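Chain residues, written in single-letter form:
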Amino acid sequence: MVENLSLEWRNILKEEFQKPYFKELEQFVENAYSNEICFPEKKHVFEAFNQCSLADVKVVLLGQDPYHDLGQAHGLSFSVLEGVKHPPSLKNIFKELETDVGFMVPDSGNLSHWAKQGVLLLNATLTVEVHKAGSHQKKGWEKFTDAVIKKISEDCENVVFLLWGGYAQKKGKKIDATKHWILTSGHPSPLSANRGYWFGNKHFSKTNAFLKSKNKTEINW
């Protein structure tokens, strides 16, 4: 599984891969992919890392687990490949972008261009079984992504962490708020967004204002 991760991140996280929990996680994932339909494709499990090096991280956008319907997940939180219908959460992200920064909603829901600008599109759990949301939670992925967030917090400065929804906000405990900026709001899913916990958070313009204040290049959303 780890062979699909970039050499840079493999070296950064090599101690994590030696821990018993990760060995058990690897075995679980191998068995799951052998016996069930799981997402994303195994080669894309670490896609968020492969498209955004540690040195380039400016924003961490934390999701929960991958989309679990056919053809959606490709390793980046909230993102789908070209030609795939925008899932409800992504639709609401685009709606907020539209009102916040005058964003034109694109045909494609692929957010790779964000990743290439330094947005780590990280899910708390990196794999899922088809049509079974949360099916790979509490198998070890959360420990791994906790370690990733802690590493970013320790090794980087002035990173914006976008924590949407209670699940993501629990990860905030791993972040040094004296070095980084944490923005929280409700989740963009319809259940949360339609209750008034998402729209109007202006996280995209706030992120760019912060990056600009630290002499970093703003994100072209």
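Scroll up to find the structure this text is about.
Let me begin by describing the structure that accompanies this report. What you see is a predicted model; the values in this text were computed from it and never measured.

Looking now at the overall build of the chain. Scanning the chain for helices and strands turns up 10 helices and six strands. What you see for the chain is a C-alpha radius of gyration of 17 Å, in line with the 17 Å of a compact globule of 221 residues. In terms of its C-alpha atoms, the chain occupies a principal-axis envelope of roughly 45 × 35 × 30 Å. A sequence separation of at least 24 residues applies to 66% of the contacts in the chain between residues at least 6 apart. By element, 50% of the accessible surface of the chain is carried by carbon and sulfur atoms, the whole surface being about 10500 Å². The positive charge centre, built from 28 side chains, and the negative charge centre, built from 26, are 5 Å apart in the chain.

This part is about the packing of helix H3 (residues 20-35) against helix H7 (residues 141-155). Where H3 contacts H7, the axes come no closer than 9 Å and their chain directions differ by 125°. The orientation of H3 relative to H7 falls into the category oblique. Crossing of H3 against H7: the hand is left-handed. Of the residues in H7, those touching H3 at Tyr 21, Phe 22, Leu 25 and Val 29 are Trp 141, Lys 143 and Phe 144. Among the residues forming the contact of H3 with H7, the class breakdown is six nonpolar, no polar and one charged.

The next point concerns the pattern of salt bridges. On inspection of all chains with the given rule, the structure shows seven salt bridges. A salt bridge links Glu 41 to Lys 43, with the shortest nitrogen-to-oxygen separation between them at 3.9 Å. Taking the relative accessible area as the measure of exposure, Glu 41 reaches 48% and is therefore partly exposed. Residue Lys 150 is joined to Glu 154 by a salt bridge in which the shortest nitrogen-to-oxygen separation is 2.8 Å. Taken as a pair, Lys 150 and Glu 154 lie in helix H7 at a separation of four residues, close to a single helical turn.

A few words now on the environment of Phe 28. Mapped onto the elements, Phe 28 comes out in helix H3. A relative accessible area of 23% places Phe 28 in the partly exposed class. The spatial distance from the C-alpha of Phe 28 to the C-alpha of Lys 139 is 7.6 Å, given a sequence separation of 111 residues. Setting aside residues up to four positions removed in sequence, Phe 28 forms contacts with His 136 and Lys 139.

Spatial ordering of the open sheet is given by E3-E2-E5-E6, a layout of four strands whose pairing is parallel. Only two strands of the sheet have a single partner each, and these edge strands are strand E3 (119-123) and strand E6 (181-185). Neighbour-to-neighbour, the strand axes of this sheet turn through a mean angle of 20°, independent of strand direction. Relative to strand E5 (residues 160-164), strand E2 (residues 59-63) runs parallel, the two being bridged by four bridges. Counterpart to Leu 61 in the pairing with E5 is Leu 162. Lying over the sheet, H7 contacts E2, E3 and E5, oriented at roughly 155° with respect to E3.

Here we take up the nonpolar core. Within the largest apolar cluster, 68 residues are counted, with the highest numbers of intra-cluster contacts made by Ile 93, Trp 114, Trp 141, Phe 144 and Ile 152. Top element by residues in this core is H3. It accounts for six residues. Setting aside anything within four residues of it in sequence, one finds Ile 152 in contact with Trp 9, Leu 54, Val 57, Val 60, Leu 120, Val 159, Phe 161 and His 180.

Packed helices, taken two at a time, are described by the angle their axes make and the gap between the axes. Interhelical geometry of helix H5 (residues 88-101) versus helix H10 (residues 203-213) gives an angle of 60° and a closest axis separation of 8 Å. In this view, H5 runs oblique relative to H10, as classed from their interaxial angle. For the pair H5 and H10, the contacting residues are Ile 93, Glu 96, Leu 97, Asp 100 and Val 101 in the first and His 203, Phe 204 and Ser 205 in the second. Across the contact of H5 with H10, the residue classes tally to four nonpolar, two polar and two charged.

What follows concerns the environment of Gln 27. Tracing the backbone shows Gln 27 in helix H3. Note on Gln 27: relative accessible area 47%, which makes it partly exposed.

Conventions and cut-offs
Residues numbered from 1 in each chain as written. Predicted model: local features only at pLDDT ≥ 70, side-chain atom pairs only at ≥ 80, totals over all residues. Heavy atoms only, no water. Helix = DSSP H or I, 4+ residues; strand = E, 2+ residues; numbered from the N terminus. Rg over C-alpha atoms; globule rule 2.2 N^0.38 Å. Contact = heavy atoms within 4.5 Å. Areas by Shrake-Rupley, 256 points an atom, 1.4 Å probe, with all protein chains shown as cover. Lys, Arg positive; Asp, Glu negative; His and termini not counted. Charge placed at Lys NZ, Arg CZ, Asp CG, Glu CD. Axes fitted to C-alpha atoms, helices over the stretch in contact; angles between N-to-C directions. Parallel < 35°, antiparallel > 145°, perpendicular 65-115°, else oblique. Left-handed = near helix turned anticlockwise from the far one by under 90°. Nonpolar A, V, L, I, M, F, W, Y, C, P; charged D, E, K, R; others polar. Salt bridge = Lys/Arg side-chain N within 4 Å of Asp/Glu carboxyl O. Buried < 20%, exposed > 50% of the residue type's maximum accessible area, 1.4 Å probe, protein only. Pairing = 2+ DSSP bridges. Core = buried A, V, L, I, M, F, W, Y, C linked by side-chain atoms within 4.5 Å.

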